[in-house]
Structures are given as structure tokens and as C-alpha cells.
Amino acid sequence: MLRAISKSLLVPAVFLGLLLVLPFLLSNEYYVSVLILCCINAIIAAGLNLLMGYAGQISLGHAAFYGLGAYATAVATATFGLPMELGLVIAVGGSALVALIIGIPTLKLTGHYLAMATLGFGLVVFIFFNETISLTGGPSGFVGIPRLSLFGVTVQSDLSYYYLVATALALVIFISRNLIDSRFGRALKALHTSEKAAQIAGVDIARYKLMVFVLSAAFAGLAGFLYAHYLTFIAPSSFGFLYSVELLTMVVLGGMATLWGSVVGAFFLTSLPEFLRVFENIEILLFGAILVVCMMFLPQGIVGGITSLAGRLKSRKEESDG
Amino acid sequence: MFSSYLQYLISGLTVGATYGLTGLGFTIIFNTTGIINFAQGEFVMLGGMLAVFLYASGIPLPLALLGAIVATTIVGALMERLTIRPVKGGSSIQLIIITIGVSIVIRGIVMLTLGKDTFALPHFSGETPIALAGASFMPQSVWILAITGLILAALRYFFKRTLFGKAMLACSFDRKAAYLVGVSVERMVLFSFMLSAFVGAVGGIILAPLTLTSYDRGIMLGLKGFAACILGGLGNPFGAAAGGLIIGVLESFGAGLISSGYKDAFAFIVLLLLLFVKPSGLFGRAQVKRV
């Protein structure tokens, strides 16, 4: 028992250690801000991976939950002057609540119909951010969000903010890992393989689908909270359809149904434009081309591809040894 | 009162026809491959932008339009050859992301070569509004509705009466069986991409004089086209066309009677409500699994 707990703690702890060392390897302070965004994206991608990779349900509207979290805390703390702890609760709880309400009818759909429903939901929320100008500031954005300060401690430098989001990411991974290895996770995997078989085996599939949808929305809400108080400015354009697509790509490109895959995918896709910036105008072109080429030649994603390559090398070695 | 309703109806049908054509393109590819091609909106954008570009370089309008359609059809063929065919047997989510990547590349190329500006194409037959029972509309609206109707009729004939069209339908029904009776499935897939690029380009060209065009027009048009498909019942080409018209009309009435800012939201809200009540779409034949 104790060993199991220490094992489940060990991996996120090592990961956290790695994350915390990362800034020392970088010469440029600008990269710290990129790393912060990488971690924030990885939090959402990890949640989306639970939904897509494990439960097999597609969502093309996850940017909406991210945006809801960001706007909820912005309105709560900046407009109404509520304490930030409350902002956090509203951001995470609000996203989860909306997911619960929208999830009940939506998750009855499958395949392309589910994709369309989540996409439609994302667009409606996006238009809402744009049009309720008195509440959200409309297309020009919401300014004057206070910097993060929780329990009397204000986070000043980018580096300390990075440590905070890295810890949050490790926490999300810790929760996800434990979930996947639990009865809940096994139910999700069963559901992914065959909904019918899972149902026959006594899994309440509608309830499990809804629970994982709500959980992934709560992660996105948390990410939105961290994002809003980091940039202190948010605009609807960050939470549109293209961002939902980017999230989906992070999960698939990293490798579905591997927890690390979504993290690797998030770090890769978030930092890629920074590396491509050297190419100025053709940046967007290269981005699209890399996406296509990666998907054509790495169908299992980066982590999946490396794992199968390692497996192949190992079996070849065993062959030559034997 | 009546005249403004008529006005909303006509402008809704006009825009809706192009959503329908985009949806039609989705259906053609979906039926032969099972892929939702997210670059479909880009075909529509390409049609409009290339027509503007060719016309501006001094080519007479009819030839410019023809050139744009041919070029877009070739792009459709290239897309299938270079990115879809090499990934034979890939998962549908993998293929969807590939089409998203292709759409980013197409958008990027158009942005870099033709610029970020908004362009207009001249109306096909003048800009004297036609008055009808107190409402007025552009002759271009007639062009749009007539050409959409013509394409629908031609496709219907193609799928019902020609061997080639029947072979494509056979692929959509059962690929393996089609292959066994001698249908070249690969060729059908290639042709479905060309056909949907063609239909998309026509939609983009007939719409461009009325609503202007720019490199980033494709995203919203693609999403509305997808919505039209789902509304009509995925896999049913004529359902997609009807779905497009319904979405266009809803949008137009929503914008006119409630608020123009929420124009894009109405269609999707109605679509969401419909999906919750009737998950297979309005004219969907196949029973969609429900939990």
C-alpha cells in the first residue's frame, strides 16, 4: 500500500523536479514566459486527454471552458473586487458547472455529432465573450486583472509564477495518474474500447462520461484562472475555435491515451511558433506543414512513436542477442 | 413588416445556398472516405480569392471564374494525392487533423501571396437592385440560387444515372464490396476530393461579389457548412443543401429581428437544440447511437 502510494507520488515528483530545473538551463528570461504558457496549455491538454484518450469522447469546444475560467476570475476579482481565492473557486467551479449542464445532453451524441455539438457550444461561448461588452470588454478585451496573490502572497516575478504553474501541472498529472489507475480509469478504458461491452459489464457509461467531461472542464477552468492572472489581460481571440483545435492537436500529436503524450504535445505545439518566429512570414505555413507531416508519419503521436521505436529496437537487440 | 420579412428570407436563402454548397462538399468526401475535411472552407475561400486575383490581372471575368474553379479543383486533387492517400487506413481523428493542417497551409499560402486585404469581385450582371413586393435584392442573389439549384440537379443526375456516380455511391456504402466488384476505390477518393473542391470553389465564386472575400473567410464558411451537414443528417447531400438554407435563413432573421452581433450564434444554438432532440439531424436516415 505504502509502496503504491510512494510510486504514484514518485513520478509526478520527478517530473516536478525536472520542470523546476528547466529555467536554469535557459539563458533568456523570455523563455520563462513561454514555459509558463506551455505548463498552462499542458494542464488543459492533460484534462482533454482524459476525455479523448481514455474515454474516447471528442471535444472541439474545450477553449470555451478555458475562457470561462479566465473570464470568471477576471469578473470576480477585477469587477467585483472579490478575493482571489474566491476567484479560483468560481473559475474552476463555474467551468465544471457549465460542463455539467452542457454535458448531460451533449454526451448522448457520438462521433461527428458530438464533435459538432461541442464545436457549436464553443462558438456560442466565443460569441458571448465578444458581444457582452459591458461584462467582458468585448473584442478589445478585459484589462486590469490583478496579478496573482493567494493567501496573502503576491507572485511577483515570472520565475516564481513559473514555479507555481509547474506545481499546478504536477498536481494535475498526479490526480490524472491516480485516476487512470483506479476503478474509474478502468471504466473509462472499457468505455473507450466498447461502450456496449462496458455497459453490459455494469459500467454506468453515461455517468462516467459526464464525470470525466466535468473534470476536464475543471482543469481547463484552472488553466484559465492561471492564464488570466498571469497576463492580467484577456481577449476573446485566445479562446476561439482555432485554440480548441490546437488543444486537440496537442493531445493527438503528443500521443493519445498516454498522460505524458499530452504534456509533450502541449510543450511542443506551444513552443514551436517561438522557434519558427525566425522565419517571420512563413511561420504559419511551416506550422501547418509540420502538423501535416507529424500526423502522416507519427500516427501514434510523439510519445507513442518513441515508445514503439524503443520497443522495435529492443526486440531487434534481443533477436541479435539470442 | 411583410416586406422586411421577405428581405430577410431572400438574403438568408442567398447566403444559405453557399453554406449548402460547402456542406455538399463535406458530404461528398465523407461519403467516400468517412473523413470530415476541415479544409472544405478553404476551397470556398480559394475559389473566391483566385477569381479576384485572376480578374485583377486582366483576364475577362468568365475566364477568370473558370480558371479559379479549375485551379481549386487541382488543389483538391493535390491534397488527396499528397496528404490523404499516403495515410491509408489511418484513424479518422488523425485524418481530420491532417485536413486541419492542410487548411492552415492553404490559408498561409494565400495570405503570403495575395495579401491580408479584403477583396470584392464584380457582380455577374450589374448592381441594379430588383424590387419585389417592397423588398429589394441584387441580381447576384438570383445567380447564386440558380447556380446552386443547377449544381444540385447535376449532382443528383450524376449519382443516380451515371456509372461513375454509382461507383462512388458504392464506395460509400461498402468499400470492400465496391473494390471486389472492380471499382477503383483510390480513384473514387481522388475524384471525391476534386468534386468537393469544385463545388466549394463555385460556392466561393458566386458569393464573393455579394459578401467580399479575404484569406481568412474559409474558417467560418467551413464551420457553417459542417453545421449544415449535421443539420441535414450527415451523409445526405440534399439534406446538407437544405440544412445550409435553413441556417442561412435563421441567421438572417436572427440578425434582423434580434441582434446582428449574435448572428453567428443563432444557427449554432438552434443546431445544438436540434441535436439534443433529434440526434441524427433533420433528414438523417442512419440511426445515431444514443446512450
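Read on for a plain summary of the structure. None of the values given here were measured: they were computed from a predicted structure.

With that out of the way, let us pick up the overall build of chain A. Helix and strand counts for chain A come out as 14 helices and four strands. Relative to its length of 322 residues, chain A is compact, with a C-alpha radius of gyration of 20 Å against a globular reference of 20 Å. Taking the principal axes of the C-alpha coordinates as reference, chain A spans close to 70 × 50 × 50 Å. When contacts within chain A are restricted to residue pairs at least 6 apart in sequence, long-range pairs at least 24 apart make up 78% of them. Carbon and sulfur atoms provide 69% of the accessible area of chain A, an area that totals close to 14100 Å².

Attention now moves to the interface of chain B and chain A. Taken residue by residue, the interface counts 48 residues in chain B and 45 residues in chain A. Of the roughly 3800 Å² buried between chain B and chain A on both sides combined, carbon and sulfur atoms contribute 84%. Viewed at the interface, chain A and chain B are joined by two residue pairs in polar contact (both at pLDDT 80 or more). Sort the elements by how many residues they give to the side of chain B that touches chain A and helix α4 (residues 92-114) of chain B lands first, with 15 residues. The residue inventory of the side of chain B that touches chain A, partitioned by class, reads 35 nonpolar, nine polar and four charged.

On to unusual backbone geometry. Residues apart from glycine generally show negative phi values, whereas peptide bonds are mostly found in trans. The backbone phi angle of T232(A) is positive, close to 60°, even though this residue is not glycine. Look at L212(B): it is not a glycine, yet its phi comes out positive at around 65°. Tracing the sequence through the fold places L212(B) in the loop between α8 (185-211) and α9 (218-232). L212(B) sits in the partly exposed class, given a relative accessible area of 39%.

With that out of the way, let us pick up the packing of aromatic side chains. Evaluation of the coordinates by the stated rule reveals 22 aromatic pairs over all chains. Centre to centre, the rings of F65(A) and F121(A) are 5.3 Å apart; their planes meet at 40°, and the pair counts as tilted. Here F65(A), found in helix α3 (residues 62-79), pairs with F121(A), found in helix α5 (residues 111-131); they are 56 residues apart in sequence, far enough to count as distant. Exposure class is identical for F65(A) and F121(A). Each is buried. On the numbers, 5.6 Å between centres and 70° between planes, the contact of Y8(B) with F253(B) is edge-to-face. Of this pair, Y8(B) sits in helix α1 (residues 2-33) while F253(B) sits in helix α10 (residues 237-257); the two residues are 245 residues apart in sequence, bridging distant segments of the chain. Its relative accessible area of 22% is what places F253(B) among the partly exposed residues. Taken together, the ring pairs connect Y66(A), Y71(A), F128(A), F129(A), Y227(A), F239(A) and Y243(A) into an aromatic cluster.

What counts as what
Residues numbered from 1 in each chain as written. Chains lettered and ligands numbered in written order. Predicted model: local features only at pLDDT ≥ 70, side-chain atom pairs only at ≥ 80, totals over all residues. Heavy atoms only, no water. Helix = DSSP H or I, 4+ residues; strand = E, 2+ residues; numbered from the N terminus. Rg over C-alpha atoms; globule rule 2.2 N^0.38 Å. Contact = heavy atoms within 4.5 Å. Areas by Shrake-Rupley, 256 points an atom, 1.4 Å probe, with all protein chains shown as cover. Buried area = accessible area lost by both parts, 1.4 Å probe. Polar contact = N/O pair within 3.5 Å; in protein donor to acceptor, adjacent residues only side chain to side chain. Nonpolar A, V, L, I, M, F, W, Y, C, P; charged D, E, K, R; others polar. Buried < 20%, exposed > 50% of the residue type's maximum accessible area, 1.4 Å probe, protein only. Phe/Tyr/Trp six-rings, centres within 6.5 Å; stacked < 30°, edge-to-face > 60°.

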